[in-house]
Amino acid sequence: MKFGKLVDKAWEDKSAEEVLAAPPSALEGLSERHDAILADLGIKTVADLGNWKYAQRAAALVALGPLDK
C-alpha cells in the first residue's frame, strides 16, 4: 500500500502492519517530541493513536458535523 503524504518519508515503503506498529512520529508532521507527549497518555504506536477513544470520538464528531444543519 502506498501511504504518500500520510507518513514520514522514511516510512513510505513500509507495510500497513509496520506503520501501525511504528511510533506516532512515523506520521507526517509528528516528531519524537510528540512521541514522548503521547506516551504519557499511553499512546506508543500509530495503532494506539488511531484506536485512542478520544481520537475516535473527535473523528466521529468531525464526520457528523456537516449533518448537523
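This text follows the structure it describes.
Thresholds applied
- Residues numbered from 1 in each chain as written.
- Predicted model: local features only at pLDDT ≥ 70, side-chain atom pairs only at ≥ 80, totals over all residues.
- Heavy atoms only, no water.
- Helix = DSSP H or I, 4+ residues; strand = E, 2+ residues; numbered from the N terminus.
- Buried < 20%, exposed > 50% of the residue type's maximum accessible area, 1.4 Å probe, protein only.
- Contact = heavy atoms within 4.5 Å.
- Phe/Tyr/Trp six-rings, centres within 6.5 Å; stacked < 30°, edge-to-face > 60°.
- Lys, Arg positive; Asp, Glu negative; His and termini not counted.
- Salt bridge = Lys/Arg side-chain N within 4 Å of Asp/Glu carboxyl O.

Which residues make up the overall build of the chain, and what values go with them?
Helix and strand counts for the chain stand at four helices and zero strands. When its helices and strands are written in sequence order, the chain yields α-α-α-α. In terms of overall dimensions, the chain has C-alpha extents of about 40 × 30 × 20 Å along its principal axes. A total of 69 residues make up the chain; the buried ones form 19% of that total. The contacts in the chain between residues at least 6 apart in sequence include a share of 10% that link residues at least 24 apart.

Tell me about the packing of aromatic side chains, and please be specific about residues and values.
Following the criterion strictly, the structure yields one aromatic pair and no others. Ring geometry for Trp52 versus Tyr54: centroids 5.2 Å apart, planes at 75°, classification edge-to-face.

Which residues make up the environment of Ala39, and what values go with them?
Following the sequence through the fold, Ala39 ends up in helix α2 (residues 32-39). Given a relative accessible area of 32%, Ala39 falls into the partly exposed group. Taking the C-alpha atoms as reference points, Ala39 and Leu49, separated by ten residues in sequence, lie 10.0 Å from one another.

Residue-level account of the side chain of Asp35, with values.
Among the structural elements, Asp35 can be located in helix α2. The side chain of Asp35 sits in the buried core without any salt bridge; Arg33 is the nearest counter-charge, 11 Å away. Residues contacting Asp35, with those up to four places away along its chain left out, are Pro23, Pro24, Ser25 and Ile43.

Break down the environment of Asp48 for me, with residues and values.
Assignment of secondary structure puts Asp48 in helix α3 (residues 46-51). Measuring from C-alpha to C-alpha, the distance between Asp48 and Ser15 comes to 17 Å, with 33 residues separating the pair along the chain. In this structure Asp48 touches Gly42 and Ile43, once residues within four positions along its chain are discounted.

Any functional reading would require information that these geometric values do not contain.
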